Amino acid sequence: MHQGKNNSMVFYKKYKRLNILLYLFVKILILNSCNLNNFKSQMKSYFGSLPNGEKIYKYKLSNGYMSVEIINYGGIITNINIPNSQGINTDVVLGFDTFHQYIEEHPYFGAIIGRYGNRIANGKFSLNGINYQLAKNNGENSLHGGLIGFDKVLWSVKELDDHKDPGIKLTYFSENMEEGYPGNVQIDVTYILTKENELKILYEAITDSPTVINLTNHSYFNLGGESSGDILDHFLTINADSYLPVDKNMIPTGEIRNVKNTPFDFSEMKKIGLEIETQNNQLIIGKGYDHCWVLNDYGKGIRKIAEVKSINTGINMEVYSDQPGVQFYTGNFLDGSLKSKKLNKYKKRSGFCLETQHFPDSPNQPSFPNVILDPDKKYQTQTWYKFSTKTY
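Residues numbered from 1 in each chain as written. Predicted model: local features only at pLDDT ≥ 70, side-chain atom pairs only at ≥ 80, totals over all residues. Heavy atoms only, no water.

Caption draft 1: Representation of the overall build of the chain in the model. A count of helical and extended segments in the chain gives three helices and 27 strands. For the chain, the proportion of its 392 residues judged to be buried stands at 54%. Within the chain, contacts between residues separated by at least 24 positions form 65% of all contacts whose residues are at least 6 apart in sequence. A total accessible area of about 18300 Å² is found for the chain, and carbon and sulfur atoms account for 52% of it. (Helix = DSSP H or I, 4+ residues; strand = E, 2+ residues; numbered from the N terminus. Buried < 20%, exposed > 50% of the residue type's maximum accessible area, 1.4 Å probe, protein only. Contact = heavy atoms within 4.5 Å. Areas by Shrake-Rupley, 256 points an atom, 1.4 Å probe, with all protein chains shown as cover.)

Here's what the structure looks like:
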């Protein structure tokens, strides 16, 4: 009789203990789930030094699902890591693992571009009756701000500790006549990684005298992974009915040409490589796609302007912007001379760029949207890259 009672008590205690452990386990799962939804992390680490001894730091923004890494030299995005459809962390931007590679010659990997992104014909323009001569660093053209553009300068960084999402704000002061551009200009570029997996880039600038400005970011994407080969099997759509044809020097002719029935029609999603080798004069000039698309719905604020996906990894990227144009470039001049992060080589078409911006050579083409910044105005624009993973 006593033995049966003791067995019942032992069973009851074990059952009660099991219930308590189960309760605690569920509680931990709930807390972890809550923490993941509100996860925010930004870390700063030493990345290298300039020849003059100035230190370069890397800032890692994480939201618990994906991460973005940026350095204060050129505001360069060095890494964007996101899980693919197999759950394997995948770095989707071209770049380098060591800083010394960034101060050697490279094609603007991940950098902030300014004062003027893209080309200005003959390296000159006129503003309010004054002629300005810029450095020519692309044949007869001035490209991406000149010899020492914003991609090659040191930015000051403020970590946005009080923001709901991880982020940093980079600031640079561009002096009057730097690279030939008038006006003392303060530029602020803010990177924010949201819990919706959006990398938001906010650009702001003010000047003390009239100048021209066109800021963008020059990240090269490969949604298959930065060392995975070419991007010709990626699918792309661009929300544009027209693009800007160029002359032999890659300067827009002034014509706004409809994309219909041409290889430049990405109004519906298609493979990047589907028509890239077509015998088309514009593709021959650019050695592939290296043109500015005239985006639909300019003036209506932030809207979706493009989407890219990799069937192999399931990684998808949507692009949102308030800008009038996007330069779609397919890495036509990558030649295998640069080593990737996994010690492969960045060969032709190993990455693509979607550089949201005003049109090339706008200071010399009055019919294009205005790029003049006056002292009583503030330059403001933003672009978002939104990432997701799907199984195709």
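Caption draft 2: Focus on the packing of aromatic side chains. The tally for this structure, following the rule as stated, stands at 28 aromatic pairs. When the centroid spacing of 6.4 Å and the interplanar angle of 50° are considered together, the rings of phenylalanine 47 and tyrosine 102 count as tilted. One end of the pair, phenylalanine 47, is in strand S1 (residues 41-49); the other, tyrosine 102, is in helix H2 (residues 100-103), and 55 residues separate them in sequence. No difference in accessibility class separates phenylalanine 47 from tyrosine 102, as the two residues are buried. Grouping aromatic residues by their ring pairs yields a cluster made of Phe47, Tyr73, Phe96, Phe99, Tyr102, Phe109, Tyr220, Tyr329 and Tyr346. One cation-aromatic arrangement involves lysine 200 over tryptophan 384; the distance from NZ or CZ to the ring centre is 4.0 Å. The ring of phenylalanine 235 carries lysine 309 above its face, with NZ or CZ at 5.9 Å from the centroid. (Phe/Tyr/Trp six-rings, centres within 6.5 Å; stacked < 30°, edge-to-face > 60°. Lys NZ or Arg CZ within 6 Å of the ring centre and 35° of its normal.)

Caption draft 3: The sheet that holds strand S20 (residues 270-271), seen in detail. Read from one edge to the other, the open sheet built from nine strands follows the order S11-S12-S13-S14-S27-S23-S22-S17-S20, with strand pairing classed as antiparallel. On the outer flanks of this sheet lie strand S11 (156-159) and S20, each paired with one strand and no other. Note that strand S17 (residues 235-238) and S20 share two bridges and pair antiparallel. Its bridge partner being in S20, phenylalanine 235 is matched across the sheet by lysine 271. (Pairing = 2+ DSSP bridges.)

Caption draft 4: Local environment of the pattern of salt bridges. Enumeration over the complete set of coordinates arrives at 13 salt bridges. Between arginine 119 and aspartate 290 there is a salt bridge; the shortest N-O distance is 3.8 Å. Taken as a pair, arginine 119 in strand S7 (residues 119-120) and aspartate 290 in strand S21 (residues 290-295) lie far apart in primary sequence, 171 residues in all. Per residue, the accessibility class of arginine 119 equals that of aspartate 290, and both read buried. Three or more residues are tied together by salt bridges with common partners; here these are Lys304, Glu307 and Glu318. (Salt bridge = Lys/Arg side-chain N within 4 Å of Asp/Glu carboxyl O.)

Caption draft 5: Molecular detail of the environment of lysine 304. Secondary-structure assignment places lysine 304 in strand S22 (residues 303-309). At a separation of 2.6 Å, a polar atom in the side chain of lysine 304 contacts the side chain of glutamate 307. Side chain to side chain, lysine 304 and glutamate 318 meet in a polar contact 3.3 Å long. (Polar contact = N/O pair within 3.5 Å; in protein donor to acceptor, adjacent residues only side chain to side chain.)

Caption draft 6: Local environment of the environment of phenylalanine 109. Take phenylalanine 109: it is sitting in the loop between H2 and strand S6 (112-113). Along the backbone, phenylalanine 109 and valine 93 are 16 residues apart, and their C-alpha atoms lie at a distance of 8.4 Å. Apart from residues no more than four positions distant in its own chain, phenylalanine 109 is found in contact with Ile76, Leu94, Gly95, Phe96, Tyr102, His218, Tyr220, Leu334, Leu338 and Tyr346.

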